[in-house]
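A structural walkthrough
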Amino acid sequence: MEAKFCMSCGHALENRDVDGTIRKACPVCSFVHWGNYSIGVGALVVRDGKVLLVRRAQEPGKGYWTNPGGYIEQLEPIEETVRREVLEEAGVEAVVTSVVALRDQPRNIHNVYIAFAMDYVSGEPEPDGVEVDAAGFFSLEEMEAMNVAGFTRWLVDIGLQSSPVGLNIDKEPVWEQIKGYGLFRALPAASG
Ligand SMILES: [Zn+2]
């Protein structure tokens, strides 16, 4: 579906050449419809060599076990979104340590999925009973007998690496002007 009206002021959009690409743009305000995108976030919470999984109670993927996650909100930092999703879906408190995987799906709605390694803090897995109907920490052996989604198996392999190297939250960016942005960066490899 193509945008017809300005999402900012409601005026009919026109075709405009923006740096060589024809895009829908508003002749009244500065709005340009760049495309249709969605961003998903997922959590890899590991405790004692077991990964936190939930069983989807709704489509898409009803009956499949996946890692907790969801879609980002307009004004919420993504590390907060993923923390909230883990708490809401599985009743577990965890904090982001790093970004460990990214999946890109360029299609009608271009989706980017970002997976976070998270440190377990507290709580025993408890499904929310709406989005998910079961939750728990599971070993690879236990997953053999479970209906685990293929994408989740890929993520579990990353989450269970002995010392995954990822992008870490950068609280002290070298350029002061960008302090306050959500910043994740690769850290230099440990020497020696
Ligand atoms: Zn407009």
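This section reports on the structure supplied with the text. The numbers attached to residues start from 1 for each chain and follow its sequence in the written order. Where local features are concerned, this predicted model is filtered to residues with pLDDT of at least 70; where side-chain atom pairs are given and counted, the filter is 80 or more; whole-chain, interface and lining totals use all residues. Heavy atoms throughout the structure, all of them, feed into the side-chain values; hydrogens and water do not.

**A closer look at the pairing of strand β9 (residues 110-122)**
Here, strands pair whenever DSSP counts at least two bridges between them. Secondary structure is summarised from DSSP: a helix means a run of H or I of at least four residues, a strand means a run of E of at least two, and numbering begins at the N terminus for each. Pairing of strand β4 (residues 37-47) with β9, which is carried by 10 bridges, proceeds in the parallel orientation. Residue Leu44 lies in a different strand from β9, and its bridge partner there is Ala117. Inspection of the sheet shows strand β8 (residues 93-105) paired to β9 by 11 bridges, in the antiparallel sense. Residue pairing across strands places Asp104 opposite Val112, the latter belonging to β9. Hairpin connection between β8 and β9: a loop of four residues separates the two successive antiparallel strands.

**Structural notes on the sheet that holds strand β2 (residues 21-25)**
Strand order in the open sheet formed by three strands is β1-β2-β3, with antiparallel pairing between adjacent strands. Single-partner strands in this sheet number two, and they are β1 (14-18) and β3 (32-33). For β2 and β3, the ladder comprises two bridges, and the chain directions are antiparallel. Among the inter-strand pairings, Lys24 is bridged to a residue of β3, identified as His33.

**Focus: the pairing of β4**
Regular strands show a simple pattern: their side chains alternate between the two faces of the sheet. Pairing of β4 with strand β7 (residues 69-71) involves three bridges; the strand directions are antiparallel. Note that in β7 the partner of Gly40 across the bridge is Tyr71. Note that β4 and strand β5 (residues 50-56) share two bridges and pair antiparallel. Directly across from Arg47, in β5, lies its bridge partner Lys50. Hairpin connection, β4 to β5: the antiparallel pair is bridged by two residues, and Asp48 has positive phi, about 50°.

**Topic: the packing of aromatic side chains**
For Phe, Tyr and Trp, where Trp contributes only its six-membered ring, two rings pair if their centres lie within 6.5 Å, and the inter-plane angle classes them as stacked under 30 degrees, edge-to-face over 60, or tilted in between. One pass over the structure, following the stated rule, counts five aromatic pairs. Aromatic side chains Tyr113 and Phe151 sit 4.9 Å apart centroid to centroid with 80° between the ring planes, which places their arrangement in the edge-to-face category. Taken as a pair, Tyr113 in strand β9 and Phe151 in helix α3 (residues 150-159) lie far apart in primary sequence, 38 residues in all. For Phe151, a relative accessible area of 23% translates into the label partly exposed. Residues Tyr120 and Phe137 carry aromatic rings whose centres are separated by 5.8 Å and whose planes lie at 80° to one another, so their mutual orientation is edge-to-face. One end of the pair, Tyr120, is in strand β9; the other, Phe137, is in strand β10 (residues 132-138), with 17 residues separating them in the sequence. Categorising residues by exposure relies on relative accessible area from a 1.4 Å probe, with only protein chains included: less than 20% of the type maximum marks a residue as buried, more than 50% marks it as exposed, and the intermediate range marks it as partly exposed. Exposure remark for Tyr120: the relative accessible area of 25% places this residue in the partly exposed category. Every member of this aromatic cluster is reached through a ring pair, and the members are Tyr113, Phe151 and Trp154. The ring centre of Tyr120 lies 4.8 Å from the NZ or CZ of Arg47, which sits over that ring. Looking at Arg103, its charged tip hangs above the ring of Phe151, at a distance of 4.2 Å from the centre. Counted as over-ring charges are cases with an Arg CZ or a Lys NZ within 6 Å of the ring centre that also lie within 35 degrees of the ring normal.

**Some details on the side chain of Asn111**
Considering the arrangement of structural elements, one finds Asn111 in strand β9. Under the rule applied, a polar contact is a pair of N or O atoms within 3.5 Å (in protein, one hydrogen donor and one hydrogen acceptor; residues adjacent in sequence only if both atoms are side-chain atoms). At a separation of 2.9 Å, a polar atom in the side chain of Asn111 contacts the side chain of Ser38. Contact definition: two residues touch when any of their heavy atoms are within 4.5 Å. The residues touching Asn111, leaving out its near neighbours within four places in the chain, are Ser38, Ile39, Gly40, Tyr71, Arg103, Asp104 and Gln105.

**Section: the environment of Gly70**
As for its placement among the helices and strands, Gly70 is situated in strand β7. On the basis of relative accessible area, Gly70 is assigned to the buried category, the value being 18%. Here the alpha-carbon distance between Gly70 and Pro173, two residues 103 residues apart in the chain, equals 28 Å.

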